[in-house]
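# Structural characterization, general
The primary structure of each chain is shown beneath.
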Amino acid sequence: MRIILNGKNHKGEILSNTKIILPRRGEIWLVDFEPTVGAEIRKERPAIVVSSDDIGKLPIKLVAPITSWKPDYFSNMWLVKIIPNDINGLEKISAVDTLQLRGVDKNRFIHKIGRLSPNVMEEIVMAIAIVIEYQ
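Small disclaimer: the values here were computed from a predicted structure and weren't measured. (Residues numbered from 1 in each chain as written. Predicted model: local features only at pLDDT ≥ 70, side-chain atom pairs only at ≥ 80, totals over all residues. Heavy atoms only, no water.)

### Here's the deal with helix α1 (residues 118-131)
- For α1, with 14 residues, the first-to-last C-alpha span of 20 Å sits near the 20 Å given by 1.5 Å per residue.
- Within the span of α1, buried status applies to Val120, Met121, Ile124, Ala127, Ile128 and Ala129.
- Where α1 is buried, its residues contact β4 (44-49), β6 (79-82) and β7 (94-97). (Helix = DSSP H or I, 4+ residues; strand = E, 2+ residues; numbered from the N terminus. Expected span 1.5 Å × (residues − 1). Buried < 20%, exposed > 50% of the residue type's maximum accessible area, 1.4 Å probe, protein only. Contact = heavy atoms within 4.5 Å.)

### Some remarks on the pairing of strand β8 (residues 102-105)
- Where burial is concerned, the two faces of β8 differ: the one with Arg102 and Val104 is buried and the one with Gly103 and Asp105 is not.
- Across 4 bridges, strand β5 (residues 60-68) lies against β8 in antiparallel orientation. Bridged to Val63 within β8 is Arg102. (Pairing = 2+ DSSP bridges.)

### Looking at unusual backbone geometry
- Residue Glu34 is joined to Pro35 through a cis peptide bond whose omega torsion reads 0 degrees.
- Summarising the element assignment, Pro35 is placed in the loop between β3 (27-32) and β4.
- The residue Lys43 is not glycine, and still its phi comes out positive at about 65 degrees.
- Phi at Glu133 takes a positive value of approximately 55 degrees, unusual for a residue other than glycine.

### Regarding the environment of Ala95
- Turning to its location among the elements, Ala95 is positioned in strand β7.
- In this structure, the C-alpha to C-alpha distance between Ala95 and Val80, residues 15 residues apart in sequence, is 5.2 Å.
- With residues near it in sequence (within four places) discarded, Ala95 still touches Pro65, Ile66, Thr67, Ser68, Trp69, Tyr73, Leu79 and Val80.

### Comments concerning the layout of surface pockets
- Put simply, the largest pocket is a space of about 250 Å³.
- Lining the largest pocket are 13 residues, with Pro46, Ser68, Leu90, Lys92 and Ser94 sitting closest to its centre.
- For the lining of the largest pocket, the secondary-structure elements that each account for two or more residues are β4 and β5.
- In terms of residue class, the lining of the largest pocket is made up of 4 nonpolar, 4 polar and 5 charged. (1 Å grid on protein atoms, 1.4 Å probe; cavity = no way out; pocket = protein on both sides within 12 Å on 5 of 7 lines; lining within 4 Å. Points joined across faces, edges and corners; volume = space filled by probe spheres on them. Nonpolar A, V, L, I, M, F, W, Y, C, P; charged D, E, K, R; others polar.)

These results come straight from atomic positions and should not be treated as a statement about function.
Given below as structure tokens:
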């Protein structure tokens, strides 16, 4: 478990409260993606943790942001449709955007929203494989 006491977040603001940040693979967290550049996905939004829990010494997790689902997304193989339910905690039909994978410091994680099923995680892994042309 990682505990931050009177540390600083990614904006340089002092964190005066104790905050436990322990994002795990397959979990959905609200993540602050600002600041961004160009076409990078913006603002605070849900994101799925895709990196292994056993890799890395830095306090960084690889995430795929979640955006609202649009009907024309069916033709985009890097977008994975997510139907809201009590386990994932999403409020509307959404899309995991595996083209916008990003390594983020744990201080960007705001709070846990829910968790994805192993089947949906497998779909996300396959979409990532398409993005990186893994054979």
